[in-house]
Amino acid sequence: MKKTSYRALAVLGIFSAPAVFAESTAIQCGKLFDSASGRMTGPKTIVVEGSRINQVLDGITAVPGAKIVDLSSMSCSPGFIDLHVHLGQQSNPQSYSEGFRLNPEFTILRAVGYGQKTLMAGFTSVRDLGGENSLALRDGINQGLVDGPRVWAAGKSIATTGGHADPTNGLNHMLADAVGTPGPAEGVINSPEQGREAVRQRYKDGSDLIKITATGGVLSYAKSGDAPQFTVEEVKAVVDTAKDYGFTVAAHAHGKEGMKRAIIGGVTSIEHGTLMDEEVMSLMKKNGTWYVPTISAGKFVAEKAKIDGYFPEIVRPKAARIGALIQTTAANAYKAGVPMAFGTDAGVGPHGDNAKEFVFMVEAGMPASYALQAATFNAAKVIGSTDIGQIKPGMYADIVAMSKDPTQDINTTLNVAFVMKDGVVFKGP
Ligand SMILES: [Zn+2]
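Residues numbered from 1 in each chain as written. Predicted model: local features only at pLDDT ≥ 70, side-chain atom pairs only at ≥ 80, totals over all residues. Heavy atoms only, no water.

(A) Up close: empty space enclosed by the protein. Here the structure, examined in full by the defined rule, presents one cavity of 30 Å³ or more. Estimates place the volume of the largest cavity at around 30 Å³. For the largest cavity, the full set of lining residues is Pro78, Gly79, Thr124, Ile388, Gly389, Gln390, Tyr396 and Asp398. For the lining of the largest cavity, the residue count by class is three nonpolar, four polar and one charged. (1 Å grid on protein atoms, 1.4 Å probe; cavity = no way out; pocket = protein on both sides within 12 Å on 5 of 7 lines; lining within 4 Å. Points joined across faces, edges and corners; volume = space filled by probe spheres on them. Nonpolar A, V, L, I, M, F, W, Y, C, P; charged D, E, K, R; others polar.)

(B) View of the pattern of salt bridges. The final tally for this structure, using the stated rule, is 21 salt bridges. Residue arginine 321 is joined to aspartate 226 by a salt bridge in which the shortest nitrogen-to-oxygen separation is 3.0 Å. Remark: aspartate 226 occurs in the loop between β11 (210-213) and α7 (232-244) and arginine 321 occurs in helix α11 (residues 316-323); sequence separation between them is 95 residues. Arginine 321 sits in the partly exposed class, given a relative accessible area of 44%. Overlapping salt bridges bring together Lys256, Lys260, Asp277 and Glu279 as one network. (Salt bridge = Lys/Arg side-chain N within 4 Å of Asp/Glu carboxyl O. Helix = DSSP H or I, 4+ residues; strand = E, 2+ residues; numbered from the N terminus. Buried < 20%, exposed > 50% of the residue type's maximum accessible area, 1.4 Å probe, protein only.)

(C) Local environment of the state of the cysteines. Evaluated as defined, the whole model comprises one disulfide. There is a disulfide in this structure between cysteine 29 and cysteine 76, and the S-S distance comes to 2.2 Å. Between cysteine 29 and cysteine 76, the S-S torsion sits near -90°, and that sign places the bridge as left-handed. With cysteine 29 in strand β1 (residues 25-34) and cysteine 76 in strand β5 (residues 67-78), the pair connects residues that are 47 residues apart, well separated along the chain. Each member of the pair, cysteine 29 as well as cysteine 76, is classed as buried. (Disulfide = S-S within 2.5 Å.)

(D) Quick look at helix α13 (residues 356-363). Within α13, burial applies to Glu357, Phe358, Val359, Phe360 and Met361. In the stretch just after α13, glycine 365 is the one whose phi turns positive, near 100°.

(E) Molecular detail of the packing of α7 against helix α8 (residues 256-265). Close contact between α7 and α8 brings their axes to 8 Å; oriented N to C, the two are set at 40°. Of the possible angle classes, the one that applies to α7 and α8 is oblique. Like other packed secondary-structure pairs, α7 and α8 cross with a definite hand, here right-handed. The segment α7 lies against α8, with Val232, Val235, Lys236 and Val239 engaging Arg261, Ala262, Ile264 and Gly265. For the contact of α7 with α8, the per-class residue count stands at five nonpolar, one polar and two charged. (Axes fitted to C-alpha atoms, helices over the stretch in contact; angles between N-to-C directions. Parallel < 35°, antiparallel > 145°, perpendicular 65-115°, else oblique. Left-handed = near helix turned anticlockwise from the far one by under 90°. Contact = heavy atoms within 4.5 Å.)

(F) Up close: the side chain of threonine 289. Looking at where threonine 289 falls in the secondary structure, it is placed in the loop between α9 (278-287) and β14 (290-292). Setting aside anything within four residues of it in sequence, one finds threonine 289 in contact with Ile263, Val267, Thr268, Ser269, Ile270, Met284, Val338 and Pro339.

(G) Broad picture of the layout of surface pockets. Of the voids in this model, the second largest pocket is the one considered here, and its volume is about 210 Å³. Around the second largest pocket sit 15 residues that line it, and Ser296, Phe300, Gly349, Pro350 and Lys356 are the ones nearest its centre. When residues of the lining of the second largest pocket are traced back to their parent elements, those giving at least two are α10 (295-304) and α13. Tallying contributions element by element places α10 first for the lining of the second largest pocket, with six residues. Considering only residue class, the lining of the second largest pocket consists of five nonpolar, four polar and six charged.

(H) Geometry of the nonpolar core. Among the nonpolar cores identified, the biggest contains 58 residues, and Ile210, Ile212, Val267, Ile270 and Phe358 are the most heavily contacted of them. The biggest single contributor to this core is helix α14 (residues 368-374), with five residues. Setting aside its immediate chain neighbours within four residues, valine 267 contacts Ile212, Val235, Val239, Val249, Ala251, Ala262 and Thr289. Membership of the second largest hydrophobic core comes to 17 residues, among which are Val69, Met74, Ile391 and Met395. (Core = buried A, V, L, I, M, F, W, Y, C linked by side-chain atoms within 4.5 Å.)

(I) Broad picture of the packing of aromatic side chains. Summed over the entire model, instances satisfying the criterion amount to 12 aromatic pairs. Considering the side-chain rings of tyrosine 96 and tyrosine 221, the 6.4 Å spacing of their centres and the 65° angle between planes classify their relative orientation as edge-to-face. Of this pair, tyrosine 96 sits in helix α2 (residues 95-101) while tyrosine 221 sits in the loop between β11 and α7, and the two are 125 residues apart along the sequence. For tyrosine 96, a relative accessible area of 31% puts it in the partly exposed group. Here the aromatic rings of tyrosine 310 and phenylalanine 311 are separated by 4.9 Å at their centres, their planes lie at 80°, and the arrangement is edge-to-face. An aromatic cluster is built from Phe80, Phe123, Phe342 and Phe358, whose rings are joined through pairwise contacts. Directly above the ring of tyrosine 396 sits arginine 52, whose terminal nitrogen or CZ lies 4.0 Å from the centroid. (Phe/Tyr/Trp six-rings, centres within 6.5 Å; stacked < 30°, edge-to-face > 60°. Lys NZ or Arg CZ within 6 Å of the ring centre and 35° of its normal.)

The following block contains the structure:
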């Protein structure tokens, strides 16, 4: 009998005892990270029914009729969530010419590979903050055509003319003329009115959230990495329109003034936040704005800036200066009590190395349990999902396991031994 028929019988009351279905899986965890409290508990047995968690039982328990997954020597956690990835790309010395050489058929295949690496690293959910391929990749994953994490995709980031994410930056005038001046449809705005239009276009495109580039950025072909690039009125227009569609708004920002405008404008999260000071931190606390530091990307670009020719000369000084600062900023923000969540900016650095961010957060003085909460409980809050980020009945069965207790040794997150997403095992002991 199929699972659906069992369900129908259960609904009709034909099964009266607590129903355990033939397709149940009992995951026996030596330890279990309680992401809500930030404490390691256990041993526990997680009963998975279809794609959801049905029960969480104390101890290593036999569940009649259930398939046993023995992780009694391991530590389990809710699947990790990376709030800042770009599955459509990965930085390399030829990145700046890829747009002229690569066909979309290839870049989408590459994105599939990056998605697989991300899932196998224990990241069962991500926010993709910029890149057209991410919408198609999300749909392919959701339809079971390819393996990958759950994706909340922003689609094309919204920028202003010449700003970080203006797709025509760096083109000679002949190419720029041929491409035409980008507008709200392409994610470039220059007024509140155009901000509203750009958000509505993202809705039409099928985005799940909005990303804006509130200041200059490191890797764009432009001089300033920190100049403010949106007015408060433009941010407010984007945020208010985003709310109409149930979208959150993530703001890329390095410079102080642009961050302040984004926070006052009501964005959900500040990404990178490199040059934030005490004034910005207290503004974030007051407004409940999340901080997603992306230390991984900062370290990656600072390292690559030392190599001649890796970056164009206009990018290199920004990478060297801004990249090196993010970890210290994250340390200060943690001490100041800014609400923080986990993001790597994978796609700047390599996909699949996402867990390095845990190590960098602990290096910055955060307790391992806080870093784990940032990638589970807190990250789910930033997304606005009540289905992920915790292991409790009703949640999606997104579960990872490691050979050691990550609250004792954070390096164990670099080698997850078990990955379940949606109740399906993708990596097992
Ligand atoms: Zn990014």
